[in-house]
Amino acid sequence: MAESMSRLKERLNDVSRLQQALAVLGWDQQVYMPPGGAESRAEQIGTLDRMAHEMLIADETGELIEAARSELNGSAPDSDEASLIRVVNRDYEQSKKIPAELVREMSQHAVLAQQAWVKARAENDFAAFAPYLSKTIDLSRRVADYLGYEGERYDALLDLFEPGMKTAHVAAIFADLKAELVPLVAAIAERADRVSDAVVHQSFDEAKQEEFGKAMAAAFGFDFTRGRLDRTVHPFATGFSRNDVRITTRYDPNFLNPSLFSTLHEAGHGMYEQGIGETLDGTMLGNGASLGVHESQSRLWENIVGRGRDTWQHFYPRLQETFPEQLGNVDLDTFYGAINRVHPSLIRVEADEVTYNLHIMLRFEMERELLDGKLAVEDAPEAWNEKMRAYLGITPPNDAEGVLQDVHWSGGMMGYFPTYSIGTILSAQLFDAAMRAHPNIPEEMRSGRFDTLHGWLVENVYRHGRKFEPNELITRATGEPLQSRSYVVYLKGKFGELYGLNS
Ligand code: ZN
């Protein structure tokens with residue numbers, strides 16, 4: 001191998017190893033660490049984080065990138081080497097653009113704003129949080145201006161989470177989707193009593209819940225010899241390498257859905273990490289392409305597969321055997337309805353498949369307006385409530401359950417929310433493409449086999465890691481950039497049938 005390229009790789013692999021060690025510390029913090037460990041853990045994480053960052057932005061990295069680029073000699077743009085240089089150069093340039101002083105100010109603000117947010121939410125006092133939100137917006141504007149953008153400021157922020165994705169493209173997709181969703185939600189609301197979720201609100205033994213969730217995740221393709229499942233308050237997935245991927249879930253002894261579908265959601269994230277190509281493992285390309293593409297995999301396995309009728313034709317008799325008292329006399333249709341019930345709710349994280357995206361669009365629209373000054377901070381609570389009424393037909397009784405419900409803005413994260421919907425929309429687009437390639441997928445699912453679908457996703461998405469920007473990856477896999485058509489057809493088909501809207 002050419003000398004500069006090999007020195008660049010060595011250096012970047014050190015950065016990756018530091019990041020992997022940070023992931024171990026973060027996982028332990030949420031899974032096992034006693035409360036007393038918080039302070040020393042924060043220091044350990046701070047030191048390793050600084051080392052990784054300094055190593056990445058050092059002038060030597062920039063010089064090696066330049067030298068390695070000249071050694072490429074026309075190797076294919078999608079080769080591992082050319083991709084590494086392209087992606088790392090982007091990381092390098094981006095982190096160079098934001099002054100260290102601003103980075104410090106942002107992390108300080110995040111700590112203070114989160115404390116203020118916890119208190120403001122508990123006391124239902126938006127006015128106490130408003131100055132912190134103003135500062136978040138101000139800092140976000142400054143970050144965007146340092147990063148630079150061609151269209152609107154929001155592009156620079158979105159680009160941090162979805163490389164190459166443009167606000168105008170996302171806004172157009174969301175507008176199309178919203179025009180379909182709002183009437184769909186209203187039509188379902190009129191027929192709400194057709195579906196009940198009473199049967200999943202019974203007493204379910206936790207150990208049996210765990211065993212069943214693990215069996216389903218394993219059948220989908222999560223490899224427990226290269227991963228494990230633990231318990232946390234907030235479920236998440238993290239990878240230390242493709243051969244050591246950790247997922248977590250939480251259990252409610254009186255409600256089946258939270259543990260089961262959190263397990264399947266995180267297993268989707270985990271399968272993505274486990275499927276990254278061996279040659280990319282441990283390199284700066286050995287992660288998912290973006291937050292949205294990552295979320296497409298959790299949503300695909302949790303919802304399209306995990307809440308799908310085909311899947312449950314195989315698993316439901318097994319679930320009945322596991323919980324004979326609770327489900328022995330409940331038929332598949334009743335259970336299928338219970339895990340798919342649509343119910344407009346105030347809280348995003350509890351939302352069903354149909355209403356979820358409306359929660360995200362509301363935040364996306366508000367973020368854009370706050371950022372360009374069209375919406376004043378003090379008017380945010382009323383703007384929130386108005387959108388909730390218009391999209392979901394409900395009004396939050398207070399700001400704690402309205403504008404104050406999410407942690408993101410207090411953490412300084414603007415531009416993050418759209419990635420949830422991008423992932424959801426993309427899950428249907430990818431599933432469609434897999435079905436075009438392999439029309440026998442539903443038949444396989446009905447017999448509890450998921451290897452053709454899993455294999456298609458490994459081949460077209462997982463193995464590429466971070467080599468391609470989201471829209472290039474999506475186009476390579478499905479033949480076109482992100483679109484909402486597949487998702488609309490999916491939702492109207494599934495929920496139209498469930499609520500009897502199609503006849
Ligand atoms: Zn997720």
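The rules behind each value
- Residues numbered from 1 in each chain as written.
- Predicted model: local features only at pLDDT ≥ 70, side-chain atom pairs only at ≥ 80, totals over all residues.
- Heavy atoms only, no water.
- Helix = DSSP H or I, 4+ residues; strand = E, 2+ residues; numbered from the N terminus.
- Polar contact = N/O pair within 3.5 Å; in protein donor to acceptor, adjacent residues only side chain to side chain.
- Contact = heavy atoms within 4.5 Å.
- Axes fitted to C-alpha atoms, helices over the stretch in contact; angles between N-to-C directions.
- Parallel < 35°, antiparallel > 145°, perpendicular 65-115°, else oblique.
- Left-handed = near helix turned anticlockwise from the far one by under 90°.
- Donors = N, O, S within 2.8 Å, 3.2 Å for Na, K, Ca; no water.
- Buried < 20%, exposed > 50% of the residue type's maximum accessible area, 1.4 Å probe, protein only.
- Domains from an automatic or database assignment.
- Buried area = accessible area lost by both parts, 1.4 Å probe.
- Salt bridge = Lys/Arg side-chain N within 4 Å of Asp/Glu carboxyl O.
- Nonpolar A, V, L, I, M, F, W, Y, C, P; charged D, E, K, R; others polar.
- Phe/Tyr/Trp six-rings, centres within 6.5 Å; stacked < 30°, edge-to-face > 60°.
- Pairing = 2+ DSSP bridges.

Caption draft 1: A look at the side chain of Asp 197. Within the element layout of this structure, Asp 197 appears in the loop between helix 8 (167-190) and helix 9 (206-220). Within the local environment of Asp 197, its side chain forms a polar contact with the side chain of His 201, the two groups lying 3.4 Å apart. A polar contact of 3.5 Å, which involves the side chain of Asp 197, links it to the side chain of Arg 341. Asp 197 has contacts with Ala 338 and Arg 341, leaving out every residue within four places of it along the chain.

Caption draft 2: View of the packing of helix 8 against helix 15 (residues 353-371). Put simply, helix 8 and helix 15 touch, their axes get as near as 9 Å, and they point 135 degrees apart. Classed by the angle they form, the pair helix 8 and helix 15 counts as oblique. Seen from above, helix 8 lies across helix 15 with left-handed handedness. From helix 8, Thr 167, Val 170, Ala 171, Phe 174, Leu 177, Lys 178, Leu 181, Val 182, Leu 184, Val 185 and Ile 188 reach across to helix 15, where they touch Val 354, Thr 355, Asn 357, Leu 358, Met 361, Phe 364, Glu 365 and Arg 368.

Caption draft 3: Quick look at the coordination of the zinc ion. Protein coordination at the zinc ion: the donors are His 265 (NE2), His 269 (NE2) and Glu 295 (OE), at 2.1 to 2.3 Å from the metal. The sequence motif formed by the donor residues of the zinc ion is H-x3-H-x25-E. Taken as a pair, His 265 and His 269 lie in helix 10 (residues 257-274) at a separation of 4 residues, close to a single helical turn. By the burial criterion, His 265 is buried, and His 269 matches it.

Caption draft 4: Highlighting the domain arrangement of the chain. Taken as a whole, the chain is organised into domain 1 (3-148) and domain 2 (167-498). Of the residues lining the interface, 41 residues belong to domain 1; the matching set on domain 2 comes to 44 residues. When domain 1 packs against domain 2, the two sides together hide about 3500 Å² of surface, and 63% of this comes from carbon and sulfur. Seen at the junction of domain 1 and domain 2, the total is 3 salt bridges. The partner of Arg 466 in a salt bridge is Asp 91, and the shortest N-O contact between them spans 2.8 Å. The set of elements that each furnish at least two residues to the side of domain 1 that touches domain 2 consists of helix 1 (3-31), helix 4 (80-97), helix 5 (100-122) and helix 6 (126-147).

Caption draft 5: View of the packing of helix 10 against helix 11 (residues 291-305). Where helix 10 contacts helix 11, the two axes come as close as 7 Å, and the packing angle between them is 135 degrees. With respect to helix 11, the axis of helix 10 lies oblique. Helix-helix and strand crossings are classified by hand; for helix 10 and helix 11 the assignment is right-handed. Side by side, helix 10 and helix 11 meet where Phe 261, Leu 264, His 265, Gly 268, His 269, Met 271, Tyr 272 and Glu 273 of the first sit next to Val 293, His 294, Glu 295, Gln 297, Ser 298, Arg 299, Trp 301 and Glu 302 of the second. Of the residues contributing to the contact of helix 10 with helix 11, the split by class is 6 nonpolar, 6 polar and 4 charged.

Caption draft 6: Expanded view of the packing of aromatic side chains. By the definition in use, this model includes 22 aromatic pairs. Residues Phe 212 and Trp 312 carry aromatic rings whose centres are separated by 6.3 Å and whose planes lie at 10 degrees to one another, so their mutual orientation is stacked. You can see Phe 212 sitting in helix 9 and its partner Trp 312 sitting in helix 12 (residues 309-322), a full 100 residues away along the chain. In this structure Phe 212 comes out as buried when scored by relative accessible area, which is 9%. Here Trp 312 falls in the buried class, since its relative accessible area comes to 0%.

Caption draft 7: Here's a closer look at the pattern of salt bridges. Applying the stated criterion across every chain yields a total of 41 salt bridges. Linking Arg 90 and Asp 159 is a salt bridge whose minimum nitrogen-to-oxygen distance equals 3.0 Å. Of this pair, Arg 90 sits in helix 4 while Asp 159 sits in helix 7 (residues 153-161); the two residues are 69 residues apart in sequence, bridging distant segments of the chain. A residue is classified by how much of its surface remains accessible, and Arg 90, at 22% relative accessible area, is partly exposed. Look at Asp 159 and you get buried, because its relative accessible area is 13%.

Caption draft 8: Structural detail: the pairing of strand 2 (residues 237-241). Where strand 2 lies against strand 3 (residues 244-249), 4 bridges are found, and the strand directions are antiparallel. Of the residues in strand 3, the one forming a bridge with Ser 241 is Asp 244. Between strand 2 and strand 3, which pair antiparallel and follow one another directly, the connecting turn spans 2 residues.

Caption draft 9: Inspection of the sheet that holds strand 3 at higher detail. Spatially, 3 strands are ordered 1-3-2 in an open sheet, and the strand pairing comes out mixed. The two strands at the open ends of the sheet, each matched to only one other strand, are strand 1 (227-231) and strand 2. The average undirected angle you get between the axes of adjacent strands in this sheet is 20 degrees. Note: strand 1 against strand 3, 5 bridges, orientation parallel. Paired with Leu 229 across the strands is Ile 247, a residue of strand 3.

Caption draft 10: Broad picture of the environment of Glu 369. If you trace the backbone, Glu 369 turns up in helix 15. Residues Glu 369 and Ala 380, 11 residues apart in the sequence, show an inter-C-alpha distance of 9.9 Å. Those residues in contact with Glu 369 that lie beyond four places of it in its chain are Lys 374, Leu 375 and Lys 387.

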